[in-house]
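# Descriptive analysis of the structure
Spelled out from the first residue to the last, the chains are:
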Amino acid sequence: MSSTAPVPEGRPITVCEVGPRDGFQNEKTFIPTEKKIEIANALFASGLRHMQVTSFVSPRAVPQLADAEDVLAGIDRPDGAWVTALVPNLRGAERAANCALDAVHTVVSASETHNLKNVNRPIDQSLTEFEAVFDRLKTAGIAVEGGIATAFGCPFEGVVPAEQVARIARRYQELGAESVSLGDTTGMATPLTVRAAVRAIRDAAPGLDIHLHFHNTRGVGLACVMTGLAEGVTHYDAAVGGLGGCPFAAGATGNICTEDLVYLLQESGYATGVDLDRLIDAALLAQSVIGRELPGQVIKSGPRLKRHDPELTTTAAG
Ligand code: COA
Ligand code: ZN
């Protein structure tokens, strides 16, 4: 399938759709595999090319994503697609190595308590196991995006120092990661913490590409994107409809919403490659499959220049 989306002019920027992973993992009711595939394909059809499609985690920890291999085998990859999946350990890397993937998103938390909750081991044990994970993926020709969860704060420990995030980023660089992704697991990022983390990583691991992954838990997700843009970061994760959240982090809520992010970026002069109308169609599909109103805003309002019929709008008669 190839996209019919126009490629708008503007500064290039990458929007990575993480709804099929971060979004679906937080849904209690199992979404049938063919519906997951249909939503992923609708998202690709809007022009999105980067997508985190699923996770290779324990099916007991996240039953919703137990169909990872089937989803990956079922999607239609358009030209230029960059398909990733989350991996926490060597078993996950083994599974990933047998699938059509461009990159794996490994995950370790910057806070000890969240790493124990999320992957049942201390941070340093995760980092040690990543040596074998990186080796396995390299053999399979799969790139690695080093994910760092709770990068801007931890719901159990509070403040996460930028130096701790930079230490893990540096380790990822030594292991051979192409990029690091700073995960704002429970929406604790603020413009100041984003700036501090990005600058600390640039000092500790020069040349390492930085991706930003915000949740909108406190309503400042897009403000954090603006800070990232000011710092020169050109890769942002978002979830269709504003789905998302980590089942192993108290108070986790949705990612920043893909339609809202694309709207903001396009109106700020960036070329996302996405057709916003088709993206809204994909969000409406996701909303009907999930079966409840999703938090995104552009899905409700439509694009800025959507015209309304005056005949259908109440007149304030005197
Ligand atoms: N895929 C599938 N099964 C896996 C697996 C993987 N990546 N890793 C471990 N397992 C299985 C083992 O085979 C074992 O199965 P068995 O009991 O039938 O023999 C079982 O899970 C326990 O294995 P163990 O290595 O002891 O894992 P654990 O219980 O310490 O859990 C994780 C560690 C990482 C597997 C688990 O915590 C996890 O999946 N976390 C993911 C959390 C997540 O997705 N968070 C949201 C995204 S940030
Ligand atoms: Zn997330």
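Residues numbered from 1 in each chain as written. Chains lettered and ligands numbered in written order. Predicted model: local features only at pLDDT ≥ 70, side-chain atom pairs only at ≥ 80, totals over all residues. Heavy atoms only, no water.

In the nomenclature of an unreviewed UniProt entry, the chain corresponds to Hydroxymethylglutaryl-CoA lyase from the organism Psychromarinibacter sediminicola.

## Some details on the UniProt feature "domain: Pyruvate carboxyltransferase" (unreviewed entry) in the chain
As annotated by UniProt and renumbered to match this structure, "domain: Pyruvate carboxyltransferase" (unreviewed entry) occupies residues 13-280. Across residues 13-280, the secondary structure splits into 41% helix and 17% strand, with the terminal C-alpha atoms separated by 19 Å. (UniProt positions renumbered as here; feature names shortened; annotations may be inferred. Helix = DSSP H or I, 4+ residues; strand = E, 2+ residues; numbered from the N terminus.)

## So, the coordination of the zinc ion (ligand 2)
Taken together, the protein donors to the zinc ion (ligand 2) comprise Asp22 (OD), His213 (NE2) and His215 (NE2), at separations of 1.9 to 2.1 Å. Positions of the donor residues of the zinc ion (ligand 2), expressed as sequence spacing, correspond to D-x190-H-x1-H. Here His215 lies in the loop between β8 (209-213) and α9 (221-230) and Asp22 lies in helix α1 (residues 19-23), a separation of 193 residues in the sequence. Across the pair, His215 and Asp22 agree in class, each one buried. (Donors = N, O, S within 2.8 Å, 3.2 Å for Na, K, Ca; no water. Buried < 20%, exposed > 50% of the residue type's maximum accessible area, 1.4 Å probe, protein only.)

## So, the side chain of Asp67
Locating Asp67 in the fold gives a position in the loop between β3 (50-55) and α3 (68-74). Within the structure, the side chain of Asp67 is placed 2.8 Å from the side chain of Lys36, a separation counted as a polar contact. In this structure, Asp67 is in contact with Phe30, Ile31, Thr33 and Lys36, ignoring residues within four places of it in sequence. (Polar contact = N/O pair within 3.5 Å; in protein donor to acceptor, adjacent residues only side chain to side chain. Contact = heavy atoms within 4.5 Å.)

## Quick look at the pairing of β8
In terms of residue burial, β8 counts as a mostly covered element, since 4 of its 5 residues are buried. As paired elements, strand β7 (residues 179-183) and β8 share 5 bridges and run parallel to each other. Within the sheet, the bridge partner assigned to Ser181 lies in β8 and is His211. Pairing between β8 and strand β9 (residues 235-238): 2 bridges, direction parallel. Counted as the bridge partner of His213 is Asp237 from β9. Read from β8 through α9 to β9, the crossover connection turns out right-handed. (Pairing = 2+ DSSP bridges. Right-handed = clockwise from strand over helix to strand, strands pointing away.)

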